[in-house]
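Descriptive analysis of the structure
Next come the chains, spelled out residue by residue.
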Amino acid sequence: MTLARICVFCGSRSGAIPDYALAAHAVGRHLAEQQHTLVYGGGSTGIMGAIADSVLENHGQIIGVIPEHLARVELMHARVADMRVTRDMHERKAIMHQLADAYITLPGGYGTLEELFETVTWAQLELHQRPVALINLNGVYDGLLTQLNRMIHDGFLSTQCLELLTVTTSVEELIAWIDALPCQ
């Protein structure tokens, strides 16, 4: 695979289990080592901060995209050289999608899920053909996956649409997915 811009959706909180931040550090290190560029929400806290810190510690490239209402010293990552400040969340997501060659979802909250679902919805509507992966570390997304399977069972989602989302359960599996991405 040639160098890629990997868009990572993740939480601005660290979560209750240290494994989440450790996973973000491992993924960030791998992105930097493989010379991929991290595209992310521009934050300095939580899982967002963890992955950005790891990429920076390993001399990697980052593009942060943050809306102006969040572009404050306590939230915006001060060490990210390429920080793009947008008017609002809609412009933020549009720029992140323009930049992305592939998408990864780490643990997070409402915003993380909203970004994931927009991305797979756009793939379903054939607005892009970029790979999308989710790490279900410690079963954090078990309930979501149960819901998606229920939606298939009840006829609201096809199995082909579910296949637009690759689900991994470990950092090693996610890194193998990154390494197997098709050439850009």
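Note: the structure precedes this text.
Scope of this entry: the structure provided in the associated data block. Bear in mind the structure is a predicted one, so any value in this text is a computation, not a measurement. Numbers given to residues run from 1 along each chain, matching the order in which its sequence is written. Reporting of local features is limited, given that this is a predicted model, to residues whose pLDDT is at least 70; pairs of side-chain atoms are given and counted only at 80 or more, and all residues count toward the totals for whole chains, interfaces and linings. Calculated side-chain values reflect all of the structure's heavy atoms, with hydrogen atoms and water omitted.

Overview of the overall build of the protein chain
Test applied: Numbering of helices and strands starts at the N terminus; helices are DSSP runs of H or I of at least 4 residues and strands are runs of E of at least 2. A radius of gyration in this sense is built from C-alpha atoms; the matching globule rule multiplies 2.2 Å by the number of residues raised to 0.38.
Along its length, the protein chain carries 7 helices and 7 strands. Starting at the N terminus and walking to the C terminus, you meet the elements of the protein chain as β-α-β-α-β-β-α-β-α-β-α-α-β-α. Here the C-alpha atoms of the protein chain give a radius of gyration of 16 Å, agreeing with the 16 Å that 2.2 N^0.38 yields for 184 residues. Summarising its shape, the C-alpha atoms of the protein chain cover approximately 45 × 35 × 35 Å along the three principal directions.

With respect to the side chain of serine 54
Formally: In this analysis, two residues are considered to be in contact whenever any of their non-hydrogen atoms come within 4.5 Å of each other.
Within the secondary structure, serine 54 is located in helix 2 (residues 46-57). Sequence-distant contacts of serine 54, defined by excluding residues within four places in its chain, comprise Ala24, His25, Gly28 and Arg29.

Side note on the sheet that holds strand 1 (residues 5-9)
Our working rule: Being paired, for any two strands, means DSSP has found at least two bridges between them. Axes here mean lines fitted to C-alpha atoms, for a helix over just the part in contact, with angles spanning 0 to 180 degrees between N-to-C directions.
Spatial strand order, 4-3-2-1-5-6-7: 7 strands in an open sheet with parallel pairing. Strands with a single pairing partner mark the edges of an open sheet, and in this sheet they are strand 4 (82-86) and strand 7 (165-168). This sheet shows a mean twist of 20° between the axes of neighbouring strands, independent of strand direction. Direction of pairing for strand 5 (residues 102-105) relative to strand 6 (residues 132-135): parallel, over a ladder of 3 bridges. Its bridge partner being in strand 6, isoleucine 104 is matched across the sheet by alanine 133. Sitting on the sheet, helix 2 is in contact with strand 1, strand 2 (37-40) and strand 3 (61-67), with an inclination near 160° to strand 2.

Focus: the pattern of salt bridges
Between side chains of opposite charge, a pair can form when the charged atoms approach closely. Spelled out, the test is: The term salt bridge refers to a pairing of a side-chain nitrogen on Lys or Arg with a carboxyl oxygen on Asp or Glu at a separation within 4 Å. Each residue is placed in one exposure class: buried if its accessible area under a 1.4 Å probe, protein chains only, is under 20% of its type's maximum, exposed if it is over 50%, and partly exposed if it falls in between.
This structure, assessed with the given rule, holds 7 salt bridges. Between arginine 5 and aspartate 101 there is a salt bridge, and its shortest N-O distance comes to 3.8 Å. Highlighted residues: arginine 5 in strand 1 and aspartate 101 in the loop between helix 3 (89-99) and strand 5, separated in sequence by 96 residues. Across the pair lysine 93 and glutamate 114 runs a salt bridge, and its minimum N-O distance is 2.4 Å. Of this pair, lysine 93 sits in helix 3 while glutamate 114 sits in helix 4 (residues 110-124), and the two are 21 residues apart along the sequence. On the basis of relative accessible area, lysine 93 is assigned to the buried category, the value being 8%. Overall, glutamate 114 belongs to the partly exposed group, its relative accessible area being 37%. One salt-bridge network, held together by shared partners, links Lys93, Glu114 and Glu118.

Focus on the nonpolar core
Formally: Think of a nonpolar core as a cluster: buried Ala, Val, Leu, Ile, Met, Phe, Trp, Tyr and Cys residues, connected wherever their side-chain atoms sit within 4.5 Å.
In this structure, Val8, Ile51, Leu106 and Leu174 are the most contacted members of the largest nonpolar core, which totals 35 residues. Of all elements in the fold, only strand 1, helix 1 (18-33), strand 2, helix 2, strand 3, strand 5, strand 6 and helix 7 (171-179) reach the threshold of two or more residues within this core. Not counting chain neighbours up to four residues away, the residues in contact with leucine 174 comprise Val27, Ile104, Leu106, Ala133, Ile135 and Thr168. Among the nonpolar cores identified, the runner-up in size contains 21 residues, and Leu99, Ala100, Val132 and Leu157 belong to it.

Digging into the side chain of arginine 92
Spelled out, the test is: Charge assignment: positive for Lys and Arg, negative for Asp and Glu; neither His nor the chain ends contribute.
Its location among the elements puts arginine 92 in helix 3. We note that arginine 92 is buried and unpaired, the nearest opposite charge coming from glutamate 115 at a distance of 4.5 Å. Filtering out sequence-adjacent residues up to four positions away, arginine 92 remains in contact with Gly41, Gly42, Met48, Val65, Ile66, Pro67, Leu70 and Thr86.

Focus: the environment of leucine 162
Tracing the chain through its elements places leucine 162 in helix 6 (residues 159-162). Classification of leucine 162 as partly exposed rests on a relative accessible area of 22%. In sequence terms leucine 162 and leucine 181 are 19 residues apart; their C-alpha atoms lie 18 Å from each other. Contacts of leucine 162, omitting those with residues within four sequence positions, involve Leu148, Asn149 and Ile152.

That is the geometry; function is a separate question.
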